[in-house]
Amino acid sequence: MGTSSSSYAPKTVYLDVDGKMQKVIFSRYCSPCDIRELLCSSSNIARNTAIRLVDSEGALVSIDPTMPTNTPNSQYKVMPQSTGQVGDKEDMFQNVLSQVAEQFSRAFRINELKTEVTNRLAMLEKRVELEGLKMVEIEKCKNDLRKLRDEMTSKGGGRVTCGCKYSFTEDGKKLSPRRDVPNYPKYTLSQETIEALKKPTFDVWHWEHNEMLSCLEYMYHDLGLVKEFNMNPITLKRWLLGIQENYRNNPFHNFRHCFCVSQMMYGMIHLCNLQERLTMTDMCILMTAAVCHDLDHPGYNNTYQINAHTELAVRYNDISPLENHHCAVAFQIISMPECNIFANIETEAFKHLRQAIITLILATDMARHGEILDSFKQNVDNFDFTNHKHVTCLKLVLIKCCDISNEVRPTEVAEPWLDCLLEEYFMQSDREKSEGLPVAPFMDRDKVTKPTAQIGFIKFVLIPMFETVMKLFPQIEEIMVQPLRDSRDHYEELKQIDDAMTERPRMVFPFRGGSKASA
């Protein structure tokens, strides 16, 4: 992450290829795809073959520029992904299906049957994970299991799954989160990656979804949350998969944004030494709220929901409809036993966690920005970490900072996020125009530019908020506040250039401007 010349040196790994050592050298700036092709070529494996890289102890190694180097005495092995044994797997699932169908025939024991199916599935999922089965190989059997559960639900009058994914398209279709086996591999994070995760400069664009899931899992373990709240590690994996499944593929409000906000929260916890000042419960509230804060975001903001009288706006009486929906989806996922990371804590403790997480997610509604920041300003000069009201106010501001923190990151990381945001804005404004609804100028593709979109937001929202937090944590100035000032200056320079380019033709060819040129 530094700028020294050593960061440009190529990386070297040693492979065991049929008992012979093969030396592979690549740049730190190669893409994971390039590195995979290089490993295939070095190991005499067809170019497009799916491969995995394991160390001398059999542990998976992440194939990316930050992968840990090794020595000639600890060579890595490149192994093609196995595709065999499908028949055995299908037999295994068919056997379970037969047993479930037999139990289902006992019509008066429907509740017992549901419990038994859930237990059998949990055992089967654990076995599948240990054997390293791929999702594509068991999709057919999983579909059969889903159909059977739906059948049980309709006949037994009970609810096995909950609808957590709501579509805003015309068909009104509802989707449920997949009850997936935790199938993403356990990556070995290099020390370089572990350290980078703690910094706001972390580049979130270089990671695939499975790798982001592994990083989130690592954060929960590293902060001690898994141990403190007695979380089942398999349940944590399943919960994270449920979270990922319930983020839509929007240009901006998607799972990568969820990871971006969660990583920034993890970074601020380390940068501000919050582990020494807040409780483990506070850490859990901050991280979980960050992970869940935009669940099932439809890509259209609260203004659209309210003006269009959508189902969500009606359900929540025009009061933060999206944020209320994010909370509801979050706890619908947690209410599923196989995804309940809080299953092993006391009822009162869970009630406290739930209320605090809801409070933080609701605070991400920008309509409440002024109210929340003013409240924090009243406390910051005499802040008391033993005062519950002060700490709650701090947590609200922290999740707000993380939610809108893109401009804190390096330009090459932040600017693509602006492109994504504008794309989502333009989708909404186009729809508002077609439906005859009011259109906000900052969302109108005919009126907004990158500089005009960012200058006011950075000057009047981001910098005042982060400078207020800086009063409590002076260490954030260099790494978080100064980048915001630099970003403001950057966009102001771009605006001056845009203005000059716009003015110049009007001065040279005044007759072409008509009445607009004289405005």
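One numbering rule holds for all chains: residues counted from 1, following each sequence as written. The model is predicted, so local features are restricted to residues of pLDDT at least 70 and side-chain atom pairs to those at 80 or more, both for listing and for counting; the totals for chains, interfaces and linings are taken over all residues. With hydrogens and water stripped out, all remaining heavy atoms of the structure feed into the side-chain values.

## Regarding the overall build of the protein chain
Consideration 1: Check the secondary structure of the protein chain and you find 20 helices and seven strands.
Consideration 2: As presented, the protein chain carries roughly 25600 Å² of accessible surface, and 51% of it is formed by carbon and sulfur atoms. Labels follow the DSSP assignment, with helices taken as runs of H or I lasting at least four residues and strands as runs of E lasting at least two, numbered in each case from the N terminus. Exposure was quantified through the Shrake-Rupley algorithm and a 1.4 Å probe, taking into account, for residues, occlusion by the shown protein chains and nothing else.

## Here we look at the pairing of strand β3 (residues 51-54)
Consideration 1: Note: two strands are recorded as paired if DSSP finds a minimum of 2 bridges between them. Pairing of β3 with strand β5 (residues 77-80), which is carried by four bridges, proceeds in the antiparallel orientation. Residue pairing for β5: V54 is matched across the bridge by K77.
Consideration 2: The turn linking β3 back onto strand β4 (residues 60-61) is made up of five residues, and G58 within it adopts a positive phi angle of 90°.

## Looking at empty space enclosed by the protein
Consideration 1: Whether a set of points on the 1 Å grid over the protein atoms alone is a cavity depends on a 1.4 Å probe fitting there but being unable to get out, while an open set qualifies as a pocket with protein on both sides within 12 Å along at least five of seven lines; lining residues are those with an atom within 4 Å of a point. Grid points are joined across faces, edges and corners, and a volume is the space filled by probe spheres set on the points. In this structure the tally under the stated criterion is two cavities of 30 Å³ or more.
Consideration 2: Lining the second largest cavity, in full, are S62, D64, T66, M67, P68, T188, L189, S190, T193 and W207.
Consideration 3: In terms of residue class, the lining of the second largest cavity is made up of four nonpolar, five polar and one charged. Here the term charged refers only to Asp, Glu, Lys and Arg, the term nonpolar to Ala, Val, Leu, Ile, Met, Phe, Trp, Tyr, Cys and Pro, and the term polar to all other amino acids, Gly among them.

## What to know about the packing of helix α6 (residues 209-222) against helix α8 (residues 233-245)
Consideration 1: Closest axis-to-axis distance for the α6/α8 pair is 10 Å, and the angle between their directions is 130°. Judged by the inter-axis angle, α6 sits oblique to α8. Considering only the axes of α6 and α8, their crossing is right-handed. Seen from α6, the contacting residues are H209, L213, L216, E217, Y220 and H221; seen from α8, they are L236, K237, W239, L240, L241 and Q244. All axes are obtained by fitting lines to C-alpha atoms, using only the stretch in contact for helices, and the reported angles, taken between N-to-C directions, cover 0 to 180 degrees. Angles below 35 degrees are treated as roughly parallel, those above 145 as roughly antiparallel, those between 65 and 115 as roughly perpendicular, and all remaining angles as oblique. We call a crossing left-handed when the near helix sits turned anticlockwise from the far one by less than a right angle, and right-handed when that turn is clockwise. Contacts are assigned to residue pairs with any non-hydrogen atoms lying within 4.5 Å of each other.

## A look at the sheet that holds β3
Consideration 1: Spatial strand order, β4-β3-β5: three strands in an open sheet with antiparallel pairing. Every interior strand has two partners, whereas the edge strands, β4 and β5, have only one.
Consideration 2: Pairing geometry for β3 and β4, over two bridges, is antiparallel. Pairing of V54 across the sheet is with L60, part of β4.

## A closer look at the packing of helix α13 (residues 321-334) against helix α14 (residues 347-362)
How two helices sit against one another is set out by the angle between their axes and by the gap between those axes.
Consideration 1: Where α13 meets α14, the closest approach of the two axes is 9 Å, and the angle between their N-to-C directions is 150°. In terms of orientation, α13 lies roughly antiparallel with respect to α14. Here the hand of the crossing between α13 and α14 comes out right-handed. Of α14, the residues touching α13 (which contributes E323, N324, H326, C327, F331 and I334) are F350, R354, I357, I358, I361 and L362.
Consideration 2: Its residues assigned to classes, the contact of α13 with α14 comprises eight nonpolar, two polar and two charged.

## Quick look at the state of the cysteines
Consideration 1: By definition, disulfides here are pairs of cysteine sulfur atoms that lie within 2.5 Å. What the rule picks out here adds up to zero disulfides.
Consideration 2: A disulfide-free cysteine, C327 has its sulfur positioned 8.8 Å from the sulfur of C292, the nearest such atom.
Consideration 3: Only protein chains enter the accessibility calculation, which uses a 1.4 Å probe. A residue is then buried if its area is under 20% of the maximum for its type, exposed if over 50%, and partly exposed in between. Judged by its relative accessible area of 5%, C327 is buried.

## Some points on the side chain of H297
Consideration 1: Relative to the helices and strands, H297 is located in the loop between α10 (280-292) and α11 (302-307).
Consideration 2: The exposure class of H297 is buried, given its relative accessible area of 5%.
Consideration 3: Non-local contacts of H297, meaning those with residues more than four positions away in its chain, are made with R248, N250, H253, L322, H326 and E424.

## Topic: the environment of M470
Consideration 1: By the secondary structure assignment, M470 is in helix α18 (residues 450-472).
Consideration 2: According to the relative accessible area criterion, M470 is buried, its value standing at 16%.
Consideration 3: In sequence terms M470 and M480 are 10 residues apart; their C-alpha atoms lie 9.2 Å from each other.
Consideration 4: Apart from residues lying up to four places away in sequence, M470 is in contact with I476, E477, V481 and R485.

## With respect to the pattern of salt bridges
Consideration 1: Throughout this description, the term salt bridge denotes a Lys or Arg side-chain nitrogen within 4 Å of a carboxyl oxygen of Asp or Glu. This model, assessed by the stated rule, comprises 19 salt bridges.
Consideration 2: In this structure, the salt-bridge partner of E208 is R36, at a minimum N-O distance of 3.8 Å. In this pair, E208 sits in the loop between α5 (191-197) and α6 while R36 sits in helix α1 (residues 32-42), placing the two residues 172 residues apart along the sequence.
Consideration 3: Residue classification places E208 among the partly exposed residues on the basis of a relative accessible area of 37%.

## Some details on the UniProt feature "binding site: Zn(2+) 1" (unreviewed entry) in the protein chain
Consideration 1: In this structure's numbering, the residues bearing the UniProt feature "binding site: Zn(2+) 1" (unreviewed entry) are H257, H293, D294 and D403. Taken together, the annotated residues stretch across 147 residues yet fold into one region, lying no more than 10.0 Å apart by C-alpha.
Consideration 2: Position of H257 among the secondary structure elements: in helix α9 (residues 255-271).
Consideration 3: Ignoring sequence-local partners within four residues, the contact set of H257 consists of F252, H293, D294, D403 and W417.
Consideration 4: Its place among the elements puts H293 in the loop between α10 and α11.
Consideration 5: Two N or O atoms count as a polar contact when they lie within 3.5 Å, although within protein this holds only if one can serve as hydrogen donor and the other as acceptor, and sequence-adjacent residues are included solely when both atoms are side-chain atoms. Reaching out from H293, the side chain makes a polar contact with the side chain of H257 at a distance of 3.1 Å. UniProt positions are given in the numbering used here, feature names are shortened, and annotations may be inferred rather than shown by experiment.

## Things to note about unusual backbone geometry
Consideration 1: A positive phi angle, near 60°, is found at N44, a position not held by glycine.
Consideration 2: Its location among the elements puts N44 in the loop between α1 and β3.
Consideration 3: On the accessibility criterion, N44 (65% relative accessible area) is exposed.
Consideration 4: The phi dihedral of D296 falls on the positive side, at around 55°, and the residue is not glycine.
Consideration 5: Note that D296 resides in the loop between α10 and α11.

## Comments concerning α9
Consideration 1: End to end, α9 covers 24 Å across 17 residues, agreeing with the expected 24 Å (1.5 Å per residue, within 8%).
Consideration 2: Counting buried positions along α9 yields 16 of 17 residues, so the element is predominantly enclosed.
Consideration 3: Between the side-chain oxygen of the N-cap and the backbone nitrogen of R256 there are 3.1 Å, and the N-cap of α9 in question is N254. Residue count minus one, scaled by 1.5 Å, sets the expected span of a helix.

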